[in-house]
Structure formats: structure tokens, C-alpha cells
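Now for the letters of each chain:
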Amino acid sequence: MHDRERHTAARLERVLAQRIRPALYPLRRPLAVTAWHVPGEPVTVDHAFAADYEPFDPGTPWGPPWSTMWLHLTGAVPADWAGRHVDVLVDLGFTDAWPGFQAEGLAFDALGVPVKGISPRNHHVPVAAVAAGTEPIELFVEAAANPMPMPGFRAWPPSPLGDRATAGTEPLYRFEGADLAVRDEAVWHLIHDLDVLSQLGDQLPPGQRRAEIWYAIGRALDALDLHAVNATAQAAREVLAPVLARPAHASAHLISAVGHAHIDTAWLWPLRETVRKATRTFATVTQLATEYPELVFAASQAQQYAWIRERRPQLWQRIAKAVADGTFVPVGGMWVESDTNLPGGEALARQLIHGKRFFLEAFGVETREVWLPDSFGYSPALPQLARLAGNDWFLTQKLSWNAVNRIPHSTFWWEGIDGTRVFTHMPPVDTYNAELTAAELNRAQTQFADAGPATMSLVPFGYGDGGGGPNRDMLERARRLRDLDGSPAVTIRSPAEFFAAAQAEYADAPVWVGELYLELHRATYTTQAKTKAGNRRSEHLLREAELWAATAALHRGAPYPYERLERVWQQVLTLQFHDILPGSSIAWVNREAREAYEHIQAELEELIAEAATALRGSAPSASNAVLNAAPHARDEVVVGAFADGQALPDGRHAAWASAPALGIGALGAYSGPPVTVASADGRTTVDNGLLRVVIDGDGLITSAVDARSGRDAIAAGQRGNLLQLHPDHPNNWDAWDIDPHYRNTVTDLTAAQSVTVVADGPLLAAVEVVRVFGASTITQTYRLTAGSARFDVETVVDWRESEKVLKAAFPLGVHTDQATAEIQFGHLRRPIHTNTSWDDARFEIWAHRWLHVGEPSYGVAVLNDATYGHDVTRGPGATTVRLTLVRAPHSPDPQADQDVHRFAYALMPGAGVADATVEGYRLNLPLRVTGAESAYPSLVTSSHPGVIVEAVKLADDRSGDVIVRLYEARGDRAETRLTAGFPMRAATIVDLLERHVAEVAVGDREAAVALRPFQILTLRLSA
């Protein structure tokens, strides 16, 4: 028999486009349309309903970028349409581009209740949802003229559309009309019969099943009268019925399909638009479930639910009912789908705490999976945190984007740094926006890496980012693909049902140990440096605010600011979303993030000041106590000013202070060796008896010798703190990526405009170095204080470069093949050689407060207070650690990082990992001089220096109990005694949500606990 498949496929393509699809709505009647253009930002429904509307005709341009238009639609269903399926069809000027990145609308009924979202490929509103029979139709549509700030999804030119201030006023869209229309049910189903079979026929290999599908399609087209499609559609369907009825093979791959709509909490639109995107999508999904009761829709991100609860109470009630019915499934248990590389340990814990608690309180639902399909790599601290929050499973998709290596599993156990494992799935369909096409299902089946011992994978389907989630077409496909010969078997069910079945089937899945590093988007560790600095500072201020508020509550009876702290935490957590904190959003988002951090830090400073005032009691402000929020006691120089702006006693803005861990100390007299400064032969030497540093005439460090070992940390013949400028032109994804070819070209910034001694002891030595390059200026102040083994580099850079990256290099006299980086609740060792493709692809890494390289008896730490991106390389006689300080990509924010940046980093010669841990906290938590009394004991202290107290706060249940979160920081087993600074009658181990796990024996205000390497432990201490 001759092969006529290609002929039939071409025939089908034309018949569908020109005859069958146009016959779907054979009867149409235009609605009367009036419009009101909102003069500014979006308004409330009441405001919109009270506005003055004017006639608005099809073909009329509308929508300057980021503007809003309200449409008022009225009409009536003709009497002879009664009993038929009638839709309102609204076309705002949609293109065939991907939904979610163009105009969107939300339809309201005459009472102002949200009915359904309107988006490309989902622009109908069922009349049955707003009227019965032939009742008059009245709808209001809030239409958003959202621009696409980039024309594509990879290599984007700079665009002004990313901020309303620069986007212009030219209309983006042309209104195409609004109609009442009758849907022909036979044509509707014929379209989907042909759609599913033709897609399947394209994917099957040559053989009987493929041949019979294409033969049946040809015969169905023969049965269709192209001049009477509506009259003959059912006859064509009957021809296809036998091939649609053939069941799937017993060995077919099992697909668990779950409705989904990945909604970035901000990205190519501001936060205010995300509120509307979530509203439109959730309205669409709850309406769709009334037509397709088998739908299961999974939605993460408690923040988005919280917005809807606050602003759309009628829709919130629908969601709550859908959750109770099992149609709408909260997943993920996080406040937002956050980045997991950059947030601190406590912040990652709070993501889970606030997300899980919201779903528990709002719906009585305890989520069991961490749902992060799109974040840019995954910290190995996450498995333990997930399990401590009551989660059993983890899902991601993003690692399928790896540029070089592919994770060898689809389903596996992921093991974190402490040994905790979480059952993990990476859908082999390689998308979280599937449409349930045959090509996607075939990809899921062929790329499933664990076939043999395992049989099932998950497919999230639905348009994201405002596209409306799953639609009718996808549900129709799912119905036909449930049990169809030649296709994987598709079952719609919840993620929890999938994970439970997958784990039961594959309990002995392989184990992946360590970080899930994304071999892409490495520049997200650096882009938008002010956002990074804002996050780091806010996290540490939150630590201080909770500690001192709890201290004031227990020692002085001051009210604990539960609501304010919760609100600020949630603001910080929202800003950790995986396109805000990584810096991959439009200018509008980045500007609002910077402004938000300013407000957050101001409020936290206010909370800290209020706690300090309460602790002061009747003591005069001049008592000048010192607050130490770090987890170790410290004796060091305070640089700055006294409370109330008084100058420090030596006139050089420095004083000696002593303070216990997490407690209140005092200023005092220093009796150790002073810092000295000597200048000769164009070099400046600063020396405090512990560390001697030489700075040359170019302002570079030529030597850094610690007295304990006598070794020079700087590699022989090389210079430290060498600023290096590289061109930065990634192949794609400007804000996201730094590509390895950037290293091929470098400019060393050695010329200094000035090198000036600005403080010369006895407690503080400081040397200021000014460099001018391109259109930028960088001012760095080297600082060495008495009694310190840390050499600080305070930096102010007025950055005006274009598509460049600035690095600070420290060539260190250390021989090693690995670097140790602080991560959340511990540290991670990474190879720095390039033996394998996995090593070579990890050319840019992230670290938190420090990075350490060392030999068995000697090491050096490089610390920072705002920097995450690093690279470490090996060379003859040196291991070079570089901090990635600032970038200047043009897309999606054309002015990214064009600003004045302030941050600090430090060199610590002779440091071990334990030293780096201590100094990392001290650099990020400077002593705070205040008027508080110094007589109060610390609320809690740990006897073991390797057991770190990460958080001290009052319990969320308002019981007055003290919550203490601690962890083992050295990667070793440890036993510690926790000593309370208040009468402690009981202690219990609790989970992250502060629920009881186990009792701890208490005696004389002490509780002894043992921790395994990197274990996180949360205790409730009852007074």
C-alpha cells in the first residue's frame, strides 16, 4: 500500500484551518461595547463601575504600556439559542505569541464578582457562568495593556518598556471585538479528536498503529462535507471513534498530569501586576473546574493566595471551596518560589514556615512537597529544611536547562549536607507549562531516566505567567489520552498522589549528594548588587530585631512586636522570589525592591531602637552599652559613633568593646598592642601584632603575614585586592548569565588616583585608595583594628560601566584542589580543578559570608557583607579567590547596577573554617553602641563554639516561650549545653513550625543537646 501520510497531514492542516475551526462558532452576535481608560494605576472595581464609559468600536487602538482599560459589555442571548452552549468571546488584540506576555483581562459580573480571566487561547466567558437562559448579559472587563519588554526569550536588546516612566504612550493593541457565540459541540469534539490523533500519528514510529491512525483521519475527512461542516462533523467523528477507543499498552509510561500555572511573583511585570495575574488565573481555573470536574490544579506561593484573600474576597471563597473539593491544591509550602542559593539559612526556614502555616491556617492543608520548578539551582541545605518543615518530597524542573551536563536521574533521593534525604522528581517532560501534546508526552516517556525500575512521571500542564493555566483544549486532550494505544497513559491527579505512588514504586531510587547546581544563570549571584546588599542587611537586621525584642520582653516585660516582625519577614521573603533577588527582572521591579529594602531597614532599625530603649530602663543614655547579636563573644574595636551621635573617646571614631555572645557588653579600656602605620619607599605597612599588611604605591596588597604562622597569605610576587574588569557579553539571558569566554579578556585596574593614610592608630589604621576607570570611580578604605586578625576593605563604587563585570582578586599562597564556601546552616566543599565537565561547568560559584581555601595546617578566608558570586582558580604557586562585585547587563533592565554601591569584604590570613564562621558573623553583625544597660544576661548561649545560635525569638503561638534555632557549623558531631538567661522550667525539640518533637532534660537553666554534622535543631524554652 502506498504511503500517503504526508498527503493526509497536509490535507488535514488546511481543512482544520480553513473549514473546521471556522465552523466552531457558527452563530455570532456582537455585544454593545463601551470603554473607560484608567488615568494612571489600576483602580478598584467600585471606582471602575462608577466611571464614565464611551462607545468603543472594534478596530480601535488602545493600551499605552502598563495602562488599564475597562470595558462594559451588554447584550442578550436570542431566544432560539436557548439550551445551546453559548460563550462570550472577547479579543483584546491577542497575537499568536505565548500567552501571559501580552494583553490580559478579567471579567466581572454586574455585581463586581470576578468571573473568569481572558487571555490568548482562553478568551471565552461561558454565558452559563453569568446568566441563565436568555437573561440579559452584562459584563465588565478589566483589560491590562501589559507590554513584552523583550521580543524573545534569550538574546534581548535593551528595551524601555520595563518601566512605566520610560515605556512611552503609544497604544500597543487593537481591540478586535466582543461577541456572543454558539459553540457547535460536534465540531468542538471533532477538532480535538483530530488534534489528538494527528499529534500521536506524528510521534509514532512507522508501523500498524501509525498507519491506521492516518488512514482513519483520511477517511474522516472523506466523511466531512466541507460545504456543510456543521452538518457532517458527527459523521466524521464516528469514523475516528474506533481508533480512539483502542486502549493503551499495559507497559505504557504512566503520566500524572496536574494543572498548573507558573506565575512569577515578579519578572517582566511589577508586583502589582502579579496580583492581577494571579487573580485572573485563579478565577479562570475555578470556573474551568465547573466544566471539567476531573481537573486538579496545583498552585504554590502563599503570598499570591494572601493577596487574593485580602483583595478579592468573593474569589477567595471560590478557591476555599475548590480546595475543600480537591480541585484546587495548594503545593510547595513556601511563601514564594524563592531563590535558594542567595537567601540566608533562617530566611529559607521562614519561607517554609510562613508558607506552610498559611496553608494550614487558611485551608487546614499541610503541604508535603517543596515545589520549585524554576529556581536557579538548589542549596544542599534544603533537604534538611524541607524535612524539618514536614515535607517529604521535592520537585524541580530547571536543571533540565543545564548547558553541559544532564542529571542522570528523573526520580531520586536528594541528600543534603547533613545526610538528610528527600524524595525528588524532575519531570522528564522538561517543561512546567505543558499543553499535553503528543510531542510533550513522547518526550516525557523517552527522556524518563529511570525506566525499568520506575514507570511514572509528572507533567504540569497549563499556560503560566498570566496565560490562564490549563484550558478546555488541554482537558479535552487529557480525556482522550487517558487510555489510548500508542500514547503514555495520562491520569489527572494531585502532586501528592503522584509522589506517594512514585515513592512506593521506587523506594530504592538512586541518591544524588550535594548541591543541585544549575549550569546556567550564574550571574544571578551578582546582578542588581543593591538588591543583594538589601537582602543581606535585612536578614541580619531581622536577626537583631527578634533577639533584642525577645530580650526586652523577658528582661523588661516589653511587648513583643509579633505583627510587625511577621509583616517585615513576609516583605523580605517576597523579595527573595527567584526573579527579584537574583536580579533578573525589569527596571520597575528592581527600583521597587531597592525602595522596599530602604523601608524595611528603617523599620527594623526602629524596632531595634525600641528594644534598646526598653532595655535601658532608668540608665542614662551615656552608659553606652554594646549590643552583640553575633553567636560568639567578642572583644574588638567599635568603629563609628556613640549612641546619640557622641564622638568616640580617642577622636578617631574607634573604641574598645567587650560583649558576650548574643548579649550586652560595654566599652572599656584596651591594653593590647596598638595598631601602627609606617610609610617608606612608596609602601604603607599596617601592623597590629597579629597581622602585618603591606600596601604598595598602587594601593594593592603585596603582603599579608599573620604572626601565628609567619606565613604570607599573598602568593609570592603577586598582589592582592587586584580589581579586574572584564567585558561581559553572554550569549543569551543578559541579566542571568556570565559565560566562560568573559575570562579571555581582562583589564587590571592597577592605577590609583590617590593612596592616603586616613587613620594611624592606636586602635584603628585606615588607608584610602581611589581609582578612576572608564566613567566610574571606586573608593576603597583598607582598615585594620587593634586585636583583629581580619583586614577589611570597605568599598564605595560609583559604577557607570556598560556590559562589564568587576572582580576583586586575591592570589593566595595556598596549594589546594578545593574551596569551602559558607552556605545556609553550614558549608560546602567544591573542587576548583577542571578534571571533569561537571567541574569545568562550575566556573562561577555562590557563597554566603565567607569562602575559605587552605592546606591541612594553614588557610585563608575571604569574607564579605553583601557579595555572593565568586570564582576560584589554581595556578602555579597560587590559589586565586575572586569576588564578583558588580555587573552592568542591559536586559531586561537597561540601567542595571548603574548606581553607587557600598559594601565590604575582608581578608583573614591563617584562618580555619571555624575562624571564618565566627568572623563572617562579626563582619555582618557589627557591634551596636546603645544606651541599654549591660546588666542583663544573654537569653541563651551555647557552650560549644561550633554550635551556632541562628535565631532567638518568642514563639509564634504568643505563649511567651523562647524559640532558639541552632546548628552545627563545622561538619562534626558536637554536644553543647544551652544556658538560658532566664528561669527555664522546660525545653522541647520542635519542628520548624514549632510543633512538639521530643522532650529535653533541663537542670539549673541548662539543657544538653547533641548534634550530628550540620544538624539544625529548634528548641522551645519555657520560662
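Residues numbered from 1 in each chain as written. Predicted model: local features only at pLDDT ≥ 70, side-chain atom pairs only at ≥ 80, totals over all residues. Heavy atoms only, no water.

Caption draft 1: Examining the overall build of the protein chain more closely. When helices and strands are tallied, the protein chain shows 18 helices and 55 strands. At 31 Å, the protein chain has a C-alpha radius of gyration in line with the 31 Å of a compact globule built from 1023 residues. If one aligns the C-alpha atoms of the protein chain with their principal axes, the spans along those axes are about 100 × 65 × 60 Å. A burial count over the protein chain gives 62% of its 1023 residues as buried. A fraction of 74% describes how many contacts in the protein chain between residues 6 or more apart in sequence connect residues 24 or more apart. Looking at the protein chain as shown, the accessible area adds up to about 35600 Å², and 50% of this sits on carbon and sulfur atoms. Computing the positive centroid from 91 side-chain charges and the negative centroid from 121, the protein chain places the two 2 Å apart. (Helix = DSSP H or I, 4+ residues; strand = E, 2+ residues; numbered from the N terminus. Rg over C-alpha atoms; globule rule 2.2 N^0.38 Å. Buried < 20%, exposed > 50% of the residue type's maximum accessible area, 1.4 Å probe, protein only. Contact = heavy atoms within 4.5 Å. Areas by Shrake-Rupley, 256 points an atom, 1.4 Å probe, with all protein chains shown as cover. Lys, Arg positive; Asp, Glu negative; His and termini not counted. Charge placed at Lys NZ, Arg CZ, Asp CG, Glu CD.)

Caption draft 2: Inspection of the nonpolar core at higher detail. Counting 226 residues, the largest nonpolar core has Trp70 and Phe328 as its most contacted members. Element by element, the count of residues in this core is highest for helix α16 (residues 587–616), at 11 residues. In terms of nonpolar packing, the next biggest core, distinct from the first, is built from 57 residues, Ala529, Val686, Phe773 and Phe903 among them. (Core = buried A, V, L, I, M, F, W, Y, C linked by side-chain atoms within 4.5 Å.)

Caption draft 3: Spotlight on the pattern of salt bridges. Applying the stated criterion across every chain yields a total of 73 salt bridges. Between Glu476 and Arg480 there is a salt bridge; the shortest N-O distance is 2.6 Å. Of this pair, Glu476 and Arg480 are both found in helix α12 (residues 472–481), 4 residues apart, which corresponds to roughly one turn of the helix. For Glu476, a relative accessible area of 3% puts it in the buried group. Judged by relative accessible area, Arg480 falls into the buried class, the value being 12%. (Salt bridge = Lys/Arg side-chain N within 4 Å of Asp/Glu carboxyl O.)

Caption draft 4: Region of the structure containing helix α11 (residues 438–447). All of the buried residues along α11 are Ala438, Glu440, Leu441 and Ala444. The buried residues of α11 occupy an angular sector of 165° when the element is viewed end-on, so they sit on one face. In this structure, the buried residues of α11 make contact with α3 (185–203), β13 (254–260), β20 (456–461), α12 and β21 (489–492). (Arc of directions from axis to C-beta.)

Caption draft 5: Up close: the environment of Asp96. Mapped onto the secondary structure, Asp96 falls in the loop between β6 (86–91) and β7 (104–108). C-alpha of Asp96 to C-alpha of Arg121: the two residues are 25 residues apart in sequence and 8.4 Å apart in space.

Caption draft 6: View of the sheet that holds strand β18 (residues 411–415). Taken together, the 5 strands give an open sheet; going across it, the order is β16-β17-β19-β18-β22, and neighbouring strands pair in mixed fashion. Only two strands of the sheet have a single partner each, and these edge strands are β16 (369–371) and β22 (511–513). Going from strand to strand, the sheet's axes swing by 30° on average, the running direction of each strand aside. Judged from the 3 bridges that link them, β18 and β22 form a sheet pairing that is parallel. Of the residues in β22, the one forming a bridge with Trp414 is Trp512. (Pairing = 2+ DSSP bridges. Axes fitted to C-alpha atoms, helices over the stretch in contact; angles between N-to-C directions.)

Caption draft 7: Here's a closer look at helix α8 (residues 313–325). Taking 1.5 Å as the rise per residue, α8 with 13 residues should run 18 Å; its terminal C-alpha atoms sit 18 Å apart, in good agreement. For α8, the full list of buried residues reads Leu315, Trp316, Ile319, Ala322 and Val323. Down the axis of α8, the buried side of the element spans an arc of 125°, and every buried residue falls inside it. Residues Gln317, Lys321, Ala324 and Asp325 are exposed on α8 and point more than 90 degrees away from its buried face. Buried residues along α8 sit in contact with β8 (114–118), α6 (271–291), α7 (302–311), β15 (328–330) and α9 (345–363). Just downstream of α8, Gly326 is the residue with a positive phi angle, here 85°. (Expected span 1.5 Å × (residues − 1).)

Caption draft 8: A look at the confidence of the model for the protein chain. Looking at the protein chain as a whole, its pLDDT mean stands at 95, while 98% of the residues score no less than 70. Ignoring residues within four places in sequence, the model shows residues 642–651, a span with pLDDT below 50, making 24 contacts including any to other chains. (pLDDT = per-residue confidence, 0-100.)

Caption draft 9: Structural detail: the pairing of β20. Within β20, 6 of the 6 residues are buried, leaving the element largely enclosed by the surrounding structure. The two faces of β20 match: Met456, Leu458 and Pro460 on one face and Ser457, Val459 and Phe461 on the other face are all buried. Where β13 meets β20, 6 bridges bridge the pair, whose relative direction is parallel. If you follow Leu254 over to β20, its bridge partner there is Met456.

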